[in-house]
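An overview of the molecular structure
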Amino acid sequence: MKKIIYSIPVIVFIYCIIYAVNKRCDMLKEIRENKAQTICKFIECQRRLKVKKSLIEYHVKDSLYITKYYNCPENYEDKINKFFVVDYSSKDPSKIIVDFSNEVTDTTAILKAGFLKEDL
């Protein structure tokens, strides 16, 4: 009986990992199938315990989205308030993939993406 009780948390843990991986794969598939692109602004890197998440701001069809992205870029201190290319799902714009290696410095493109001069 004790073996069964001790194995329940292990089974739940394995199920949670499989669920998370499956959810991420579904999100990436949706973005690939309904890909749209815009420019985002990296606002900050939030840290909770050992987990880091990026706070990203971007505009889609005159709507402002502020989304937490699962990862912070390397040397994130140097990238705060800078602009990057973001791929998103046209079905659900809150599903994103940020390319932190592709910084956008063209102010015209940034303004066309919905940002204001004050954001620069």
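Model, not experiment: these values are computed from the prediction. Numbering of residues starts from 1 in each chain and follows the order in which that chain's sequence is written. For a predicted model such as this one, the threshold for reporting local features is a pLDDT of at least 70, and the threshold for listing and counting side-chain atom pairs is 80 or more; totals across whole chains, interfaces and linings nevertheless cover every residue. Computation of side-chain values covers all heavy atoms of the structure but excludes hydrogens and water.

A separate point is the packing of aromatic side chains. Two rings belonging to Phe, Tyr or Trp (six-membered ring only in the last case) form a pair when the distance between their centres is within 6.5 Å. Interplanar angles under 30 degrees mark stacking, angles over 60 mark edge-to-face geometry, and anything in between is tilted. Scanning all chains against the criterion turns up six aromatic pairs. Geometrically, the ring pair formed by Phe 42 and Phe 100 is edge-to-face, given 5.5 Å between the ring centres and 75° between the ring planes. Here the residue Phe 42 occupies a position in strand 1 (residues 35-48), and Phe 100 occupies one in strand 5 (residues 96-104), the gap between them amounting to 58 residues. The pair Phe 42 / Phe 100 is uniform in exposure class, with both members buried. Each ring, one from Tyr 58 and one from Tyr 65, has its centre 5.5 Å from the other, and the planes form 10°; the classification is stacked. Three labels apply to residues, based on accessible area from a 1.4 Å probe with only protein chains included: buried if under 20% of the type maximum, exposed if over 50%, partly exposed otherwise in between. Looking at Tyr 58, the relative accessible area reads 0%, which means it is buried. One aromatic cluster is present, built from ring pairs that chain together Phe 42, Tyr 69, Tyr 70, Phe 84 and Phe 100. For a Lys NZ or an Arg CZ to count as sitting over a ring, it must be within 6 Å of the ring centre and within 35 degrees of the ring normal. The ring of Tyr 70 carries Arg 24 above its face, with NZ or CZ at 4.1 Å from the centroid. Numbering of helices and strands starts at the N terminus; helices are DSSP runs of H or I of at least 4 residues and strands are runs of E of at least 2.

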